[in-house]
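Listed here are the chains, written in short residue letters.
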Amino acid sequence: MRIAQTSDLWWKNAVIYCLDPETFYDDAGNGTGDFSGLIQRVDYLSALGVNCIWLMPFYPSPERDDGYDVTDFFNVDPRLGTLGDVVEFIRTAKDRGMRVIADFVINHTSDKHPWFVQARKSVDNPYRHYYVWRSDPPPDTSKDVVFPGEQDSIWTKDAATGEWYLHRFMVHQPDLNISHPQVRDEIAKAMGFWLQLGLDGFRLDAVPFFLETIGEPPQDIPHDPHEYLRALRRFVNRRSGEAIFLGEVNLPYKDQLRYFGDEGDELTMMFDFMAMQNLYVSLAKNDARPLARTLSKRPPIPGDCQWAMFVRNHDELTLDKLSEADRQAVFEAFGPEEDMQLYGRGLRRRLPTMLDGDQDRIRMVYSLLFTLPGTPTLFYGEEIGMGENLDVPDRGAVRTPMQWTDGKNAGFSDAPASKLVAPMPEGRFGPEKINAANQMRDPDSLWHFVARLIQRYRDCPELGWGTFEVLKQPAKAVLLHASVWQDSLMLLAHNFGPDAVTVRAALPDAGRQDLESGAFLLDLLGDNHIGLEDDGGFTMEMKPYGYRWFRLQRSGANRLP
Ligand code: BGC
């Protein structure tokens, strides 16, 4: 029973890797990555140990929002390949034991989508109500825009009919009207299509926005947005029992919780934006407590659901849920220049540059990512410590091509450099210094470190499945936590500070039962095991920015970790 459960709920301890085929590997040699290139790099991902690939949008698109502006939900951007190439890729990934999920953008389409082209022709066009319109002038909505500086209203007047359409994002991304039965049918059909081709689920973009049904009065279908999400999930799981919804819901925990559904029947997983943002406060202050406090406030979630943990994603590092003082502290530490900041709330940088290339600190953060309660999610290039290129506008700074080698165009493409989909960073974080080929040859590289973390994480079901508890101890710079699953207990320690520190603490209650003499903490990343005192107390030495993983051995009899 346990075995069936642990393999069925595969997302509970998966390792997710997000990439954009456009920037991963260019097989055609025209400067843009493609699916046939990606197929050639599946073994690389398999060697790293990830077991779920998240594809950023690859649908036909005018690319005004990097593919998050879709013109056809049933097809592939011809620059990236054909449906046949996508199927070959999915098949190859599955052959190597990996699952594939993909971004699915329900909130809006591109304004070039044939539905919108039709919809804006006249008020009685059959596609009119695929979108959300109002005939009276909208109030000031400048505070509701998602991209301040790029938008000043969420409504734009359309010349042909003199009415305003809703766009929570850019003006060229009209919101779909999900209270329209035909729109719901189209969405279900598109999801069914991709499941049939072999996808294992979807990363749902901007969930609170798409569920919001401003403007349009309900049609002849029930108007509870959460009921709609449940219905969509039921549909998806009828088509594929293993398919997941991984939702982007950047809200405080108590609001976020609703999107799992009371019975765990809405989103399967959600990114933990609150923990991510507070991780950076802890890093900026060399103080583990902001993160510890945040994690301790996290509400319990339905058993089959899971959090997705991440350090960086493809967007700006949003700090929107922090207090002004904490946000400023992070800006000051990791992005003091205006050009590094975006939308007044975030940073367009990757972690290694923010940490000034400090290997110990970078490794501490990734060790933490793999031990926090939830499913770790990597953004391509994190495994080698890629930096950003601030010369690329907006969020494009962190979406530069994957750095494979120190050769021409970082081994990404044979095209002339001027044809590349985006220019690489130069200097300390450029491909001459940071690339996958060199790191795969060097056993001490970040790549090997991350691969080892992945392997360890997969060996430790406590981390994905267990309960989580922050342990009390006096060192402010240290996060010490326990993960308990069945009769097994792990202790994880991370030092956010630049000084070595001695941590004295005691096992939590779950660890004190059945302790025999000679019980000890088995070091899972090295061989500095720690003996336990009779009362379950222990003393742990932490290096500057140190990280340690232990599993409790209740008796002195040594056994395999
Ligand atoms: C994606 C962004 C995108 C936006 C609009 C987001 O949540 O992560 O990259 O620009 O949705 O689709």
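Residues numbered from 1 in each chain as written. Predicted model: local features only at pLDDT ≥ 70, side-chain atom pairs only at ≥ 80, totals over all residues. Heavy atoms only, no water.

## Comments concerning the site of the ligand
In the region of the ligand, the neighbouring residues are Asp65, Tyr68, His108, Phe147, Phe169, Arg203, Asp205, Glu248, His314, Asp315, Arg395 and Arg399. Contact between the ligand and glutamate 248: an oxygen atom at 2.4 Å from a side-chain N or O atom of the residue. In the model, an oxygen atom of the ligand is placed 2.8 Å from a nitrogen or oxygen of the histidine 314 side chain. When the free accessible area of the ligand is taken as 310 Å², the share hidden by the protein chains comes to 97%. The cavity where the ligand resides is the largest pocket. (Near = heavy atom within 4 Å. Polar contact = N/O pair within 3.5 Å; in protein donor to acceptor, adjacent residues only side chain to side chain. Areas by Shrake-Rupley, 256 points an atom, 1.4 Å probe, with all protein chains shown as cover. 1 Å grid on protein atoms, 1.4 Å probe; cavity = no way out; pocket = protein on both sides within 12 Å on 5 of 7 lines; lining within 4 Å. Sits in = over half its atoms within 2 Å of the grid points.)

## Thoughts on the sheet that holds strand 19 (residues 520-523)
Pairing is antiparallel in the open sheet, where six strands are placed in the order 15-16-17-22-19-20. Each edge of the open sheet is held by one strand with a lone partner, namely strand 15 (467-470) and strand 20 (530-531). Relative to strand 22 (residues 547-553), strand 19 runs antiparallel, the two sharing four bridges. Residue pairing across strands places leucine 522 opposite arginine 551, the latter belonging to strand 22. Across the sheet, helix 15 (residues 359-371) touches strand 16 (478-485), strand 17 (488-495) and strand 22, and the angle it forms with strand 22 is around 40 degrees. (Pairing = 2+ DSSP bridges. Helix = DSSP H or I, 4+ residues; strand = E, 2+ residues; numbered from the N terminus. Contact = heavy atoms within 4.5 Å. Axes fitted to C-alpha atoms, helices over the stretch in contact; angles between N-to-C directions.)

## Side note on the state of the cysteines
For the structure on display, the rule yields zero disulfides. Free of any disulfide, cysteine 18 has its nearest neighbouring cysteine sulfur in cysteine 52, separated by 10 Å. (Disulfide = S-S within 2.5 Å.)

## Some thoughts on the domain arrangement of the chain
Size of an interface: often given as the accessible area lost when the parts come together. Taken as a whole, the chain is organised into domain 1 (9-107 + 181-458), domain 2 (114-166) and domain 3 (466-553). Residue-level contacts link 26 residues of domain 1 with 19 residues of domain 3. The junction of domain 1 with domain 3 conceals about 1900 Å² of combined surface from both sides, 74% of it contributed by carbon and sulfur atoms. Counting every contact that joins domain 1 to domain 3 gives six residue pairs in polar contact (both at pLDDT 80 or more). Contributions of two or more residues to the side of domain 1 that touches domain 3 are made by helix 11 (273-285), helix 12 (289-296), helix 15 and helix 17 (446-459). Sorting elements by how many residues they give to the side of domain 1 that touches domain 3 places helix 15 first, with eight residues. By residue class, the composition of the side of domain 1 that touches domain 3 is 14 nonpolar, five polar and seven charged. (Domains from an automatic or database assignment. Buried area = accessible area lost by both parts, 1.4 Å probe. Nonpolar A, V, L, I, M, F, W, Y, C, P; charged D, E, K, R; others polar.)

## Quick look at the pattern of salt bridges
As enumerated under the stated definition, the model contains 39 salt bridges in all. For glutamate 63, the salt bridge is made with arginine 79, and the minimal N-O distance between the two is 3.5 Å. With glutamate 63 in the loop between strand 2 (52-55) and helix 5 (83-95) and arginine 79 in the loop between strand 2 and helix 5, this pair connects stretches of sequence that are 16 residues apart. Owing to a relative accessible area of 27%, glutamate 63 belongs among the partly exposed residues under this scheme. Residue class for arginine 79 comes out partly exposed when judged on its relative accessible area of 34%. (Salt bridge = Lys/Arg side-chain N within 4 Å of Asp/Glu carboxyl O. Buried < 20%, exposed > 50% of the residue type's maximum accessible area, 1.4 Å probe, protein only.)

## A few points about the packing of aromatic side chains
Tallied over the full model, the rule gives 38 aromatic pairs. Relative to phenylalanine 202, the ring of phenylalanine 104 lies with its centre 5.4 Å away and its plane at 75 degrees, an arrangement referred to as edge-to-face. Highlighted residues: phenylalanine 104 in strand 3 (residues 99-104) and phenylalanine 202 in strand 7 (residues 201-204), separated in sequence by 98 residues. Take phenylalanine 104 and phenylalanine 202: they sit in the same class, and that class is buried. Ring centres of phenylalanine 271 and phenylalanine 310 lie 5.5 Å apart, and the angle between their planes is 80 degrees; this geometry places the pair in the edge-to-face category. Here phenylalanine 271 is found in strand 9 (residues 269-271), whereas its partner phenylalanine 310 is found in strand 10 (residues 306-310), with 39 residues between them in sequence. (Phe/Tyr/Trp six-rings, centres within 6.5 Å; stacked < 30°, edge-to-face > 60°.)

## Considerations on the layout of surface pockets
Estimated volume of the largest pocket: approximately 610 Å³. Classifying every residue of the lining of the largest pocket gives 12 nonpolar, six polar and 11 charged. A domain split of the lining of the largest pocket shows at least three residues from each of domain 1 (9-107 + 181-458) and domain 2 (114-166). (Points joined across faces, edges and corners; volume = space filled by probe spheres on them.)

## Considerations on the sheet that holds strand 4 (residues 133-134)
Note on sheets: strands pair through backbone hydrogen bonds, and any given pair is parallel or antiparallel. The three strands are arranged 4-6-5 in an open sheet whose pairing can be described as antiparallel. The open sheet has two free edges, formed respectively by strand 4 and strand 5 (155-157), since each of these has just one partner strand. Sheet topology places strand 4 next to strand 6 (residues 164-166); two bridges connect them, and they run antiparallel. Looking across to strand 6, one finds that arginine 134 is bridged to tryptophan 164.

## Side note on the pairing of strand 7
Covered by surrounding structure in strand 7 are Gly201 and Arg203 together with Phe202 and Leu204, the residues of both alternating faces. Pairing analysis gives four bridges linking strand 7 to strand 8 (residues 244-247), with the strands arranged parallel. Bridge pairing links phenylalanine 202 to phenylalanine 245 in strand 8.

## Thoughts on unusual backbone geometry
Even without being glycine, asparagine 409 reaches a positive phi, approximately 50 degrees. By relative accessible area, asparagine 409 is classed as buried at 11%. The residue glutamine 486 is not glycine, and still its phi comes out positive at about 50 degrees. By secondary structure assignment, the location of glutamine 486 is in the loop between strand 16 and strand 17.

## Some details on the nonpolar core
Counting residues in each nonpolar core, the largest one holds 153 residues, and the members touching the most others are Tyr17, Phe104, Leu204 and Tyr280. Those residues within four positions of phenylalanine 104 in sequence are excluded, and the remaining contacts are Tyr59, Phe73, Ile187, Ala190, Met191, Trp194, Phe202, Arg203, Leu204 and Asp205. Val484, Leu489, Ala519 and Met542 belong to the second largest nonpolar core, which has 21 residues in total. (Core = buried A, V, L, I, M, F, W, Y, C linked by side-chain atoms within 4.5 Å.)

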